Each structure stands twice: as structure tokens, then as C-alpha cells.
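Geometric and topological summary
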Amino acid sequence: MAYENILFEVQDGIALLTFNRPKALNALNPQTLEEVRDAVERVRQDDALRVLVFTGAGDKAFVAGADISELQKMNPLEARLFAERGQEIVFSLEALPKPVIACVNGFALGGGCELAMSCDFIYASERAQFGQPEINLGIIPGFGGTQRLARLIGRAKAKEICMTGERISAQEAKALGLVAKVFPAETLLEETLKAARNLAEKSRVALRAIKQAVDRGMDVDLKTGCAFEAEAFGVCFAGQDAREGTTAFLEKRKPHFTGT
Ligand code: HXC
């Protein structure tokens, strides 16, 4: 499919998806969601693509939310279907057996914040701002924000953010555990791509095992989560990478992982 609202670039095994509607601060309309769905599927199917990075075009916004001019026209059924469509996409990021990094270069609001929260971790520029301002439109988050924000930063702070609609800075988001690292705006993309290249050299099997163990474990009690972990730990030993990593350490050399 040809893309109008996103850019999709590939380099060194890294797929860089850039939301590209800067005039609307990269707001998500149905067409953009469809393009993102298509691009994520491409990343899923292509073994050569090891890491997916999301960012926004322009220096103002990552994604300023769902497109409000579209929301304004929706009836209840259309609104529900739109929320479900977006939820399918954010779930597909969690189901992707590869690391996904949000490189948040500006406003990450509403659906933009929800999308970033579905990535494995968030790197943000000093200028980034996060928020769930739907309350100011008389609506609520719909791409999983009420659920993921509460799981990430605790329910009281999540409720405060969703109820007041107030934005928080990158530094505040980092203090809350929402953002992993903050960089100057000028170096954010390069630092994120550097991290992505670093991940691309690690064991694919182990990265997938970490992602699945953490994500599956979040929804269950500690014992069940640890059972997932032990199972995933065992899976690592079924391939060559565990042998290669441990042998390379003992031989004092750099490991070469093949993902087998
Ligand atoms: C459509 C948007 C938009 C959005 C910005 N624009 N956000 N268009 N949908 N979410 C457009 C503006 O209308 C404007 O278009 C242009 O982008 C620049 O925005 P300004 O407001 O002029 O910029 P600024 O004054 O710098 O303010 C930036 C801002 C503000 C604080 C980010 O744009 C803002 O509050 N945006 C809305 C954020 C929001 O409420 N997001 C949540 C949406 S609901 P023109 O044509 O005038 O230049 C949501 C629900 C998700 O995400 C779940 C759905 C199921």
C-alpha cells in the first residue's frame, strides 16, 4: 500500500515510521491508522526488520491525538468502532515479537500518548509533552489510555492526568516511569536509532522472550508471571544464541547472535 500520512524508512534492520501530517500536528485519522496497521504488518513479516521506531514529522508533535475533525462527526457506533480499530493497532505493537521504541519529539497527546505507551519503551525530547486531554472534548481516552496509564504509573496519578487533561513535561513523565530517557531535541532521533541498532545486534530469541514475559506477566499474579518467565528462559536454551552468548563471554569475545 502507498502511504500518504506516514513515512516508512528502513536502514540497518531498523524500520522508522514517521507520522507525517505536520499541519495537523500528526493527528491520527482513519487513513493514518490503516497505514500504520499495514506498516506494522510489514515489520512483523520481514525477518530482516529487527526493531520498529515511531516518531513524528516536524519539531512540534509526535502525535497530537486522534483527528478531532473526524471525531466531531462520529455517532456512538462509529466512535466505538474507531476506538476498537485503534486498540487493535496498539495491541499489535505489543504482540509484535520485536522491540518497538517510541521516539517522542513533541506533543504526545490523547491517541498519541496511548500509542507511545504501547511501545516497549519511550525516549523523549526535552520539549516533549504528554497528556490525555480528551476530557476537554467531553470524551475519554479510547485507545487503551485509561488502562495502560494506570498500569504504568498507578491509578491515582493516571486518574489525575485523565480527569484534569493537564499536560506533563518529559521530565515529569520520566520521574513517573512513563519515559525511559530524555534527550535534547537535536540528538533524540540519533540517540534512539543508536539504541535501536544496539538492540538489532542482540539475540532475537531473548528479546522476544523478555517482551512476552514482561507483557504477559503484567496481567497476572506474581507466581504465574514467574512461571511464564521460567518457560521463556527455557525457550532461550532451545536455540544457538544462548550457547553463543555464554561461550563468547567465557572466550572473552563479542557474541554473534544469529537468532536461531
Ligand atoms: C485535528 C489537530 C489536532 C487534533 C492539532 N490540530 N491537534 N487537528 N486533531 N488532535 C491542528 C489544529 O487544529 C491546527 O490546525 C494545527 O493542528 C496546529 O495546532 P494549534 O492548535 O494551532 O497549535 P498550538 O497552539 O501549538 O497547540 C498545540 C496543541 C493543540 C496544544 C497540541 O493543537 C491541541 O490541544 N490539540 C488537540 C489535542 C487533543 O485534544 N488531543 C486528543 C484528541 S482525542 P489549523 O488548521 O488551525 O492550523 C483522542 C482520542 C483518542 O486522541 C482515542 C480515540 C478513540
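Residues numbered from 1 in each chain as written. Predicted model: local features only at pLDDT ≥ 70, side-chain atom pairs only at ≥ 80, totals over all residues. Heavy atoms only, no water.

Going by an unreviewed UniProt entry, the chain carries the name Enoyl-CoA hydratase/isomerase family protein and comes from Desulfoglaeba alkanexedens ALDC. Looking at the Sequence similarities (unreviewed entry) heading of the UniProt record, one finds this comment for the chain: "Belongs to the enoyl-CoA hydratase/isomerase family." (UniProt positions renumbered as here; feature names shortened; annotations may be inferred.)

What the domain assignment reports for the chain is domain 1 (6-201) and domain 2 (204-251). Of note, the centres of domain 1 and domain 2, computed from C-alpha atoms alone, are 27 Å apart. Facing the 12 residues of domain 1 at the interface are seven residues of domain 2. Summed over both sides, the interface between domain 1 and domain 2 buries roughly 750 Å², with carbon and sulfur atoms accounting for 49% of that surface. If you sort the residues of domain 1 by the area they bury against domain 2, R50, P97 and R151 come out on top, with a joint share of 51%. (Domains from an automatic or database assignment. Contact = heavy atoms within 4.5 Å. Buried area = accessible area lost by both parts, 1.4 Å probe.)

Turning our eyes to something else, we now look at the pattern of salt bridges. All chains considered together, the criterion is met by 16 salt bridges. In this structure, the salt-bridge partner of R44 is E41, at a minimum N-O distance of 2.7 Å. Of the two residues, R44 and E41 both sit in helix 1 (residues 30-45), three residues apart, roughly one turn of that helix. Exposure remark for E41: the relative accessible area of 26% places this residue in the partly exposed category. Within this structure, E34, R37, R85 and E88 form a network of salt bridges that share partners. (Salt bridge = Lys/Arg side-chain N within 4 Å of Asp/Glu carboxyl O. Helix = DSSP H or I, 4+ residues; strand = E, 2+ residues; numbered from the N terminus. Buried < 20%, exposed > 50% of the residue type's maximum accessible area, 1.4 Å probe, protein only.)

A few words on the layout of surface pockets. Volume-wise, the largest pocket comes out at about 810 Å³. The wall of the largest pocket is formed by 32 residues, among which E94, M117, C119, D215 and M218 lie closest to the centre. Among the secondary structure elements, those contributing two or more residues to the lining of the largest pocket are helix 3 (76-95), helix 4 (111-117), strand 7 (121-125), helix 5 (145-153) and helix 9 (204-218). The element that contributes the greatest number of residues to the lining of the largest pocket is helix 9, accounting for seven residues. Its residues assigned to classes, the lining of the largest pocket shows 18 nonpolar, five polar and nine charged. Composition of the lining of the largest pocket by domain shows at least three residues from each of domain 1 (6-201) and domain 2 (204-251). The calculated volume of the second largest pocket comes to roughly 510 Å³. Lining of the second largest pocket is provided by 24 residues; of these, A66, L71, E134, I139 and I140 occupy positions nearest its centre. (1 Å grid on protein atoms, 1.4 Å probe; cavity = no way out; pocket = protein on both sides within 12 Å on 5 of 7 lines; lining within 4 Å. Points joined across faces, edges and corners; volume = space filled by probe spheres on them. Nonpolar A, V, L, I, M, F, W, Y, C, P; charged D, E, K, R; others polar.)

Counting 47 residues, the largest nonpolar core has F19, L52, F54, F62, V104, F130 and L178 as the members making the most contacts within it. With five residues, helix 1 is the single largest residue contributor to this core. Once residues lying within four places of it in the same chain are set aside, the contact partners of L178 are M117, I122, F130, L149, L152, I153, I168 and A173. (Core = buried A, V, L, I, M, F, W, Y, C linked by side-chain atoms within 4.5 Å.)

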